[in-house]
Amino acid sequence: MSRGALVSLEGGEGAGKSSALASLRERIEARGLGVIATREPGGTPLGEALRALVLDKAQRGLCAESELLLMFASRAQLVREIVEPALAAGTWVVTDRFTDASYAYQGAGRGQPAARIAELERWAANGLVPDLTLLLDVPVALGLARAHGRGEVDRFEQEQASFFERVRSAYRERAAVEPRRIRVIDASRDIEAVRADVVAAIDAFVDLRAGGS
Ligand code: TMP
């Protein structure tokens, strides 16, 4: 049996990840592959508890170091409890965010050194890097307007636009450095146009893996 693939979705606030995730999952299933969906932070009982903590606006004093470690505590648990066993069993895993988010938010956003994040990626995330990442790219003002239109904002969503500009730039730079793994999708368009690009990207990736194995 061949190993499953890890596919992550990334993007700023209001990029439309939820509907893209549903399309991604449906399409992988339609291609006859077993798939589970998860999210970060979260995805395990520990991870969901940590998610509630890091998104809680009452955690005003949370320092950048704690924030980074909490993200990786959630990730360490998710990798060992869910992702690695699923991939080993041939199941595909789609995740709403993975380590690229830590480079963007804790690295570029909060100023944590990339080398420190890379070290955590090696041991806490067990060196696991997504096989494919779809970056839903949206201008900050548009994304924030969408996110704020959804109702109450979380601890991250209340950050300044400059924070999200750093996050967006970091994501785009990572995509420029790793264009084969990270595919940029223009998420300023309507849901249907984004969905079509998500489906085309996953189809191409499934075809590539089928051809290569
Ligand atoms: P969500 O809004 O996509 O559900 O993600 C929750 C928030 O967590 C989002 O504002 C980004 C943030 N986050 C980080 O700061 N670092 C990380 O490593 C991850 C996975 C998420």
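Residues numbered from 1 in each chain as written. Predicted model: local features only at pLDDT ≥ 70, side-chain atom pairs only at ≥ 80, totals over all residues. Heavy atoms only, no water.

Student: What should I look at first to understand the overall build of the protein in this one?
Tutor: The number of helices and strands found in the protein is eight helices and five strands. In summary, the protein has a C-alpha radius of gyration of 16 Å against a globular reference of 17 Å for 213 residues, a match within 12%. A principal-axis box enclosing the C-alpha atoms of the protein has dimensions of 50 × 40 × 30 Å. Looking at the protein as a whole, 48% of its 213 residues qualify as buried. For the protein, restricting intrachain contacts to residue pairs at least 6 apart in sequence, the fraction spanning at least 24 positions comes to 81%. Of the roughly 9,800 Å² that the protein leaves accessible, carbon and sulfur atoms contribute 54%. One finds the centroid of the 28 positive side-chain charges in the protein at a distance of 1 Å from the centroid of its 30 negative side-chain charges. (Helix = DSSP H or I, 4+ residues; strand = E, 2+ residues; numbered from the N terminus. Rg over C-alpha atoms; globule rule 2.2 N^0.38 Å. Buried < 20%, exposed > 50% of the residue type's maximum accessible area, 1.4 Å probe, protein only. Contact = heavy atoms within 4.5 Å. Areas by Shrake-Rupley, 256 points an atom, 1.4 Å probe, with all protein chains shown as cover. Lys, Arg positive; Asp, Glu negative; His and termini not counted. Charge placed at Lys NZ, Arg CZ, Asp CG, Glu CD.)

Student: What am I meant to see in the sheet that holds strand E3 (residues 92-96) here?
Tutor: In any sheet, the strands associate via hydrogen bonds between backbone groups, in a parallel or an antiparallel arrangement. The strand order E2-E3-E1-E4-E5 describes an open sheet built from five strands, whose pairing is parallel. Among the strands making up the open sheet, the edge pair consists of strand E2 (35-39) and strand E5 (182-186). Pairwise comparison of adjacent strand axes, ignoring direction, gives a mean angle of 20 degrees for this sheet. As paired elements, strand E1 (residues 6-11) and E3 share four bridges and run parallel to each other. (Pairing = 2+ DSSP bridges. Axes fitted to C-alpha atoms, helices over the stretch in contact; angles between N-to-C directions.)

Student: Could you clarify how one ought to interpret the side chain of threonine 38 in this entry?
Tutor: With respect to the element layout, threonine 38 can be found in strand E2. The residues touching threonine 38, leaving out its near neighbours within four places in the chain, are Gly43, Leu78, Val93, Val94, Thr95 and Asp96.

Student: Explain empty space enclosed by the protein here, please?
Tutor: Empty space left among the atoms is revealed by rolling a probe the size of a water molecule over them. Evaluated as defined, the whole model comprises one cavity of 30 Å³ or more. Forming the walls of the largest cavity are 15 residues, and the residues nearest its centre are Gly12, Glu13, Val138, Val140 and Arg168. (1 Å grid on protein atoms, 1.4 Å probe; cavity = no way out; pocket = protein on both sides within 12 Å on 5 of 7 lines; lining within 4 Å. Points joined across faces, edges and corners; volume = space filled by probe spheres on them.)

Student: How do you make sense of the packing of aromatic side chains when you look at a structure like this?
Tutor: Each pair of aromatic rings is reported with the distance of its centres and the angle of its planes. Evaluated as defined, the whole model comprises five aromatic pairs. A centroid spacing of 5.8 Å and a plane angle of 85 degrees characterise the contact between tyrosine 105 and phenylalanine 156, whose relative ring orientation is edge-to-face. With tyrosine 105 in helix H4 (residues 99-109) and phenylalanine 156 in the loop between helix H6 (140-149) and helix H7 (161-177), this pair connects stretches of sequence that are 51 residues apart. No difference in accessibility class separates tyrosine 105 from phenylalanine 156, as the two residues are buried. Their ring planes at 90 degrees and their centres at 5.2 Å tell us that phenylalanine 163 and phenylalanine 164 sit as a pair that is edge-to-face. Each member of the pair, phenylalanine 163 as well as phenylalanine 164, carries the same accessibility label: buried. Each member of the aromatic cluster is reached from another via a ring pair, and the members are Tyr105, Phe156, Phe163, Phe164 and Tyr171. A cation over a ring is seen here: arginine 75 above phenylalanine 72, with NZ or CZ 4.5 Å from the ring centre. Directly above the ring of phenylalanine 98 sits arginine 75, whose terminal nitrogen or CZ lies 5.5 Å from the centroid. (Phe/Tyr/Trp six-rings, centres within 6.5 Å; stacked < 30°, edge-to-face > 60°. Lys NZ or Arg CZ within 6 Å of the ring centre and 35° of its normal.)

Limitation: the analysis is restricted to geometry and does not speak to function.
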